[in-house]
Amino acid sequence: MRQLKRLKQDPVAVFISRLEEAAPDLAQVAPSSADFSYLSAGQRAESLWATFQDIKGLLSGRKTKGEKLSEADWKSLEIRVAHLKALYGDEETRQEYLNAHQNSVSEVDGINGEYEKYQALKRQVSQAEATVDLSAKYIFSRRGMTDESDRLTYEIAERALEKDHKLLVQLTKNNPDLAALVQYETFISEAKELRQTGFDWSPSRRKLLKQIRDVLMSDTPIFLYGESGTGKSSLAEQAVMKLTGRPSIRTKGRNNRLDRMIAKEKIDAEGNFFQYIELGRAITGRLSTRDDEPVDEGSIVLEEEPNLKDADELKDQMAFIAALKANRPVTLPVTGETVTVMPQFGWIGTLNYARAKYVGKDLPAEVLRKGRPIDVPFIEQTEENPEIYETMLKSLIDENGRLRVHHALIAPAYRFKEEVKTIKQKDATGAEREVKATLQIRELDEDEVELGGVKKKKPKGGFLWRLSFALDQLNKSISGQDTVLASRGKEQQALRKLIVDIGKVRSWLIEYQTVHRTEDLERFIIEHIRDESINQESLPLEDRKLATDFFKYFDIDVSKEPPKVDKSAKPKAFKPLSALEMG
């Protein structure tokens with residue numbers, strides 16, 4: 001019992017003690033003499049916790065597999081243990097870590113009963129999600145052969161998932177601390193998936209995933225429409241991975257006739273045969289006509305900009321593709337053979353809207369009738385659904401679930417007001433009764449500005465929060481929507497090219513979190529915006545000036561180089577954030 005209490009109070013101390021008992025050689029490892037003074041006490045505490053997790057991960061992975069450490073891994077372990085001992089041995093660092101850890105433990109203890117309910121419900125949600133995914137994969141691969149039971153299984157699983165999600169929302173609705181902890185854990189899970197796949201399944205993208213999945217399950221081709229930079233191809237690729245577990249077969253529309261997508265004739269010492277190309281490979285699951293058996297269950301073809309083809313060629317192609325039905329026979333052009341369409345065959349085309357700034361044309365009506373158009377807008381950024389902000393935060397979360405950035409740089413600004421509300425409260429007997437209570441209500445804070453004679457609101461807060469709204473305005477501008485600069489006129493507020501997109505910003509944030517986290521985040525991102533966009537002469541000057549004005553509206557100055565930072569100066573104070581604070 002005493003050991004459990006000590007473990008809860010100071011897990012690092014217990015870990016070091018057990019490590020030295022299990023491996024006497026590690027007891028001889030001296031604390032590192034490395035100079036950590038360039039980090040503040042809070043940053044050192046974060047490094048202490050991260051090193052602790054790194055060592056645990058290295059050892060637990062080997063222990064599970066029953067492997068011994070190689071010489072190189074042992075040396076790496078010794079370096080990590082030396083760092084851990086040095087950081088833990090520093091009084092200021094240790095105290096900072098202990099304070100942060102105890103704060104996190106107290107937060108969870110304070111909501112323990114409700115948290116246990118949440119964990120049980122979360123397990124139900126995970127099981128329901130797995131059932132929906134498996135059911136969708138099964139129906140997709142058995143198109144044309146499914147029965148009523150298959151469809152009922154899928155429908156029941158979807159409704160169970162929707163019901164469990166509503167219960168989760170209800171559970172956290174009247175418990176802000178639990179809601180924050182749930183938000184934190186959700187973020188950690190989604191940040192891990194983002195690191196693994198490079199894709200963020202935000203609410204709007206999950207909604208689109210369901211649309212794509214449902215259409216493909218009905219054996220119908222899909223036309224994904226959107227502006228350049230909305231992530232159409234990435235969304236399609238990730239949807240394919242979710243549905244089949246394998247990547248798509250990708251092809252480009254320009255100058256790519258149907259016969260050139262099926263097969264090409266080859267000659268070798270054994271004679272003539274046909275080698276399958278993109279579409280033929282996806283339909284048959286075979287590499288050539290010499291294969292007696294398929295090597296896989298077929299694939300989904302992802303074709304970029306099919307609208308660049310000749311209209312008549314595109315009509316012929318889509319008439320052929322629309323007629324293909326999984327698990328049904330088809331006679332292939334070029335080879336002339338009759339084959340069975342493989343169970344995982346499908347087709348998705350990605351297209352930009354037909355506008356003056358794009359090369360593509362509108363699809364003919366007879367082509368559109370052969371498939372299902374789905375619009376892919378930019379991810380949202382509103383106070384109710386700040387998807388741009390959230391995906392940037394996820395990019396900054398490290399592999400240990402820590403957000404190692406100064407709070408003031410990333411958090412929105414809030415204002416508080418008091419309201420008298422009727423709430424339910426338990427009395428001494430445990431019975432519930434309604435009482436009047438004065439509650440502090442937190443709201444997002446805003447500034448009011450006048451532009452072109454029109455009063456507008458703009459968000460207040462840290463750099464990352466303001467940046468998310470600036471990026472949203474760039475997206476609106478390229479999409480032809482009204483922006484905060486609408487008073488200039490329709491043409492004067494419209495970008496011709498997307499100067500900065502969220503994919504690019506996300507890559508900068510990952511780079512920052514990986515190798516530049518001790519630098520100032522605002523300066524780091526502004527330098528990248530300037531170097532890769534604002535100062536790029538390959539981009540239209542008018543667009544660069546307009547983008548600069550959008551950033552300026554949100555108090556982000558990209559017109560000049562940020563002031564130099566004195567790296568010899570004492571590091572800024574840094575407070576490790578608890579799970580609730582991050583949530």
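Trainee: It is not clear to me how the overall build of the chain should be interpreted in this structure. Could you clarify?
Mentor: Tallying secondary structure elements over the chain gives 22 helices and 13 strands in all. Taken along the three principal axes of its C-alpha coordinates, the chain extends 80 × 70 × 60 Å. By the burial criterion, 46% of the 583 residues in the chain qualify as buried. Within the chain, contacts between residues at least 6 apart in sequence are counted, and of these 70% link residues at least 24 apart. Looking at the chain as shown, the accessible area adds up to about 30500 Å², and 49% of this sits on carbon and sulfur atoms. Distance between charge centroids for the chain: 1 Å, based on 92 positive and 96 negative side chains.

Trainee: Help me understand the confidence of the model for the chain, please; the structure alone is not making it clear to me.
Mentor: Detailed conclusions should not be drawn from predicted coordinates in areas where pLDDT is low. In this model, the chain carries an average pLDDT of 88, and 94% of its residues clear a pLDDT of 70 or more. Within the model, pLDDT remains below 50 along residues 62–66, and this stretch shows 4 contacts once partners closer than five positions in the same chain are excluded.

Trainee: Would you mind going over unusual backbone geometry with me for this structure?
Mentor: Negative phi characterises most residues that are not glycine, and trans characterises most peptide bonds. Residue Val334 is not a glycine yet carries a positive backbone phi of 75 degrees. Mapped onto the elements of the fold, Val334 is located in the loop between β6 (329–331) and β7 (338–340). By relative accessible area, Val334 is classed as partly exposed at 37%.

Trainee: Would you take a moment to explain empty space enclosed by the protein for this structure?
Mentor: Any empty space left between atoms is shown by rolling a water-sized probe over those atoms. Following the criterion strictly, the structure yields 4 cavities of 30 Å³ or more and no others. Computed from the structure, the largest cavity encloses a volume of approximately 80 Å³. In terms of lining, the largest cavity is formed by Arg143, Leu216, Asp219, Thr220, Pro221, Ile321, Leu324, Phe345, Gly346 and Trp347. For the lining of the largest cavity, a count of residues per class yields 6 nonpolar, 2 polar and 2 charged.

Trainee: Help me out: how do you make sense of the pattern of salt bridges in this one?
Mentor: Working definition: two side chains of opposite charge can pair if their charged atoms are close together. Counted under the stated rule, the structure contains 39 salt bridges. Glu91 serves as the salt-bridge partner of Arg94, at 2.3 Å between the closest nitrogen and oxygen. A residue pair is termed a helical-turn pair when its members lie 3 or 4 positions apart in one helix, as Arg94 and Glu91 do in helix α6 (residues 91–110) at 3 residues. Among the salt bridges present, the one from Lys315 reaches Asp312, with a minimum N-O distance of 3.8 Å. Of this pair, Lys315 and Asp312 both sit in helix α14 (residues 311–323), 3 residues apart, which is roughly one turn of the helix. Since its relative accessible area comes to 28%, Lys315 is described here as partly exposed. What you see here is one network of salt bridges that share partners, running through Arg415, Glu443, Asp445, Asp447 and Lys460.

Trainee: How should the sheet that holds strand β2 (residues 249–252) be read in this particular structure?
Mentor: Adjacent strands of a sheet form backbone hydrogen bonds with each other and so pair up, either parallel or antiparallel. A sheet is described by the order of its strands in space; here 5 strands give the open sequence β2-β5-β8-β1-β9, paired in parallel fashion. Since the sheet does not close on itself, it has two edges, and those belong to β2 and β9 (372–375), each with one partner. On average, each strand axis in the sheet is tilted by 25 degrees relative to the strand beside it, whichever way the strands run. With respect to the sheet, helix α11 (residues 232–244) is in contact with β1 (222–225), β2, β5 (300–304) and β8 (346–351), its orientation differing from that of β5 by roughly 180 degrees.

Trainee: Just to check I follow, could you spell out a negative patch on the surface for this structure?
Mentor: Side chains of Glu511, Glu519, Asp531 and Glu532 sit close together on the surface and give a patch of like negative charge. The topology assignment puts Glu532 in helix α20 (residues 521–534).

Trainee: Looking at this structure, how should I read the side chain of Ser135?
Mentor: As for its position among the elements, Ser135 is in helix α7 (residues 112–141). Overall, Ser135 belongs to the buried group, its relative accessible area being 9%. Setting aside residues no more than four positions away along its own chain, Ser135 makes contact with Asp150, Thr153 and Tyr154.

Trainee: Please clarify how the packing of aromatic side chains should be interpreted in this entry.
Mentor: How two aromatic rings sit relative to each other is given by the distance of their centres and the angle of their planes. Applying the stated criterion across every chain, the model contains 11 aromatic pairs. Note on Tyr389 and Trp465: the rings are 4.9 Å apart at their centroids and 85 degrees apart in plane angle, and the pair reads as edge-to-face. Remark: Trp465 occurs in helix α18 (residues 463–478) and Tyr389 occurs in helix α16 (residues 387–396); sequence separation between them is 76 residues. Summarising the burial analysis for this pair, Tyr389 and Trp465 share the class buried. An aromatic cluster of at least three residues, connected via ring pairs, comprises Phe15, Trp49, Phe52, Tyr88 and Tyr97. A cation over an aromatic ring shows up here: Arg94 above the ring of Tyr88, its NZ or CZ 5.4 Å from the ring centre. Over the ring of Phe140 we find Arg143; its NZ or CZ atom is 3.9 Å from the centre of that ring.

Calculation rules
- Residues numbered from 1 in each chain as written.
- Predicted model: local features only at pLDDT ≥ 70, side-chain atom pairs only at ≥ 80, totals over all residues.
- Heavy atoms only, no water.
- Helix = DSSP H or I, 4+ residues; strand = E, 2+ residues; numbered from the N terminus.
- Buried < 20%, exposed > 50% of the residue type's maximum accessible area, 1.4 Å probe, protein only.
- Contact = heavy atoms within 4.5 Å.
- Areas by Shrake-Rupley, 256 points an atom, 1.4 Å probe, with all protein chains shown as cover.
- Lys, Arg positive; Asp, Glu negative; His and termini not counted.
- Charge placed at Lys NZ, Arg CZ, Asp CG, Glu CD.
- pLDDT = per-residue confidence, 0-100.
- 1 Å grid on protein atoms, 1.4 Å probe; cavity = no way out; pocket = protein on both sides within 12 Å on 5 of 7 lines; lining within 4 Å.
- Points joined across faces, edges and corners; volume = space filled by probe spheres on them.
- Nonpolar A, V, L, I, M, F, W, Y, C, P; charged D, E, K, R; others polar.
- Salt bridge = Lys/Arg side-chain N within 4 Å of Asp/Glu carboxyl O.
- Pairing = 2+ DSSP bridges.
- Axes fitted to C-alpha atoms, helices over the stretch in contact; angles between N-to-C directions.
- Patch = residues over 30% accessible without salt bridge, like charges linked within 9 Å, V, L, I, M, F, W, Y side chains within 5 Å.
- Phe/Tyr/Trp six-rings, centres within 6.5 Å; stacked < 30°, edge-to-face > 60°.
- Lys NZ or Arg CZ within 6 Å of the ring centre and 35° of its normal.

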